[in-house]
Amino acid sequence: MNVYWAVWKDELIPSAKHYPPEKAIYSFPNLTYRDPYRTDHISGCPAFVRYFENTYVLKWPVSYSLNVNSQGELTTNDYDQEFFDNFILPREIRKRIYSFSTQYIFIAEQSLEIEVTKAHTVNTDFTRKVVMVPGLFDIGKWYRPLEIAAIIDSNCDSISLVEGEPCALVRFKTENKINLKRVHLTPETKEIISRLIHTRHYPPLIKNHRPLEYFYDMLKQSGYRKYILKQIKENKL
């Protein structure tokens, strides 16, 4: 099964700085991957192999040091305000809930659910200090860049994101083999997807969140799905 991936905003962080998704099974520290038929080793455990079969690691493309004050506000001396505003989205500041942009977007040719979870295969400053809110949606029916929704620990006063360290795991919920193919998003493709994403905020005063099926149907009825896939296939790297 083909899954296309791209960097969402390469003008924020150059696309060459982004690490390709890697098999999560190789990210465990001090764990040498062995023959999966050897049941005397953890990497030969059928349950372990089954879970990580289509699970990949996403990594931070840059290092970023953040401070957290008593009000839950994040501040930094790294980069500028524009970078901060595009990289971090405050959700509920006093409750220390933020979203961190991964800048990765995945698109499938057919229905395929992707699950985004904490990078529990590693022990980093980020994984120790946040509770990550998992998420799941169908990347064959709706297109959007991935975010890391996180609740920062109440005792935490600083967080260090380190370039090259895992920031999240993505799991494709299928038993079929996944073929990841990197693509370049043209400005036109980005604009179309951005407008589709922006529909989440209309009407502005809506009280209830719309279900995912609402957006799945919107993309299907818009006629853009086939057009976006055509554009993507023409811009493989």
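Remember, it's a predicted structure, so these values are computed and weren't measured experimentally. (Residues numbered from 1 in each chain as written. Predicted model: local features only at pLDDT ≥ 70, side-chain atom pairs only at ≥ 80, totals over all residues. Heavy atoms only, no water.)

## Details of the pattern of salt bridges
Link 1 in the chain: Per the counting criterion, the structure on display carries 14 salt bridges.
Link 2 in the chain: For K95, the salt bridge goes to E92, with nearest N and O atoms at 3.5 Å.
Link 3 in the chain: Note on E92: relative accessible area 40%, which makes it partly exposed.
Link 4 in the chain: R128 serves as the salt-bridge partner of D125, at 3.6 Å between the closest nitrogen and oxygen. Placement of both D125 and R128 in helix α3 (residues 125-129) is noted, with a separation of three residues, approximately one turn of the helix.
Link 5 in the chain: Taken together, the shared-partner salt bridges in this structure form one network comprising D10, E11 and K190. (Salt bridge = Lys/Arg side-chain N within 4 Å of Asp/Glu carboxyl O. Buried < 20%, exposed > 50% of the residue type's maximum accessible area, 1.4 Å probe, protein only. Helix = DSSP H or I, 4+ residues; strand = E, 2+ residues; numbered from the N terminus.)

## Remarks on the packing of aromatic side chains
Link 1 in the chain: According to the stated counting rule, one finds 16 aromatic pairs in the structure shown.
Link 2 in the chain: Summarising the aromatic geometry, the rings of W5 and Y104 are spaced 5.8 Å apart at their centres and angled 35° between planes, so their arrangement reads as tilted. Of this pair, W5 sits in strand β1 (residues 2-7) while Y104 is found in strand β7 (residues 97-108), placing the two residues 99 residues apart along the sequence. Grouping residues by exposure puts W5 and Y104 together as buried.
Link 3 in the chain: Between the aromatic rings of W142 and F215, the centroid separation amounts to 5.1 Å while the plane-to-plane angle is 45°, which identifies the pairing as tilted. In this pair, W142 sits in the loop between β10 (135-138) and β11 (145-152) while F215 sits in helix α5 (residues 212-222), placing the two residues 73 residues apart along the sequence. (Phe/Tyr/Trp six-rings, centres within 6.5 Å; stacked < 30°, edge-to-face > 60°.)

## A few points about unusual backbone geometry
Link 1 in the chain: For Y79, which is not glycine, the phi dihedral falls at a positive 60°.
Link 2 in the chain: A positive phi angle, near 60°, is found at R96, a position not held by glycine.
Link 3 in the chain: Positionally, R96 belongs in the loop between β6 (88-92) and β7.

## Examining the side chain of K190
Link 1 in the chain: Its location among the elements puts K190 in helix α4 (residues 187-198).
Link 2 in the chain: Classification of K190 as buried rests on a relative accessible area of 14%.
Link 3 in the chain: Of note is the side chain of K190, whose polar atom sits 3.2 Å from the side chain of D10.
Link 4 in the chain: Beyond its immediate sequence surroundings of up to four residues, K190 is in contact with V7, W8, K9, D10, E11 and L185. (Polar contact = N/O pair within 3.5 Å; in protein donor to acceptor, adjacent residues only side chain to side chain. Contact = heavy atoms within 4.5 Å.)

## Section: the sheet that holds strand β5 (residues 74-75)
Link 1 in the chain: Pairing is antiparallel in the open sheet, where three strands are placed in the order β5-β4-β12. For this open sheet the edge positions go to β5 and β12 (158-161), each flanked by a neighbour on one side alone.
Link 2 in the chain: For strand β4 (residues 64-68) and β5, the ladder comprises two bridges, and the chain directions are antiparallel. Bridge pairing in β5 places V68 opposite L74. (Pairing = 2+ DSSP bridges.)

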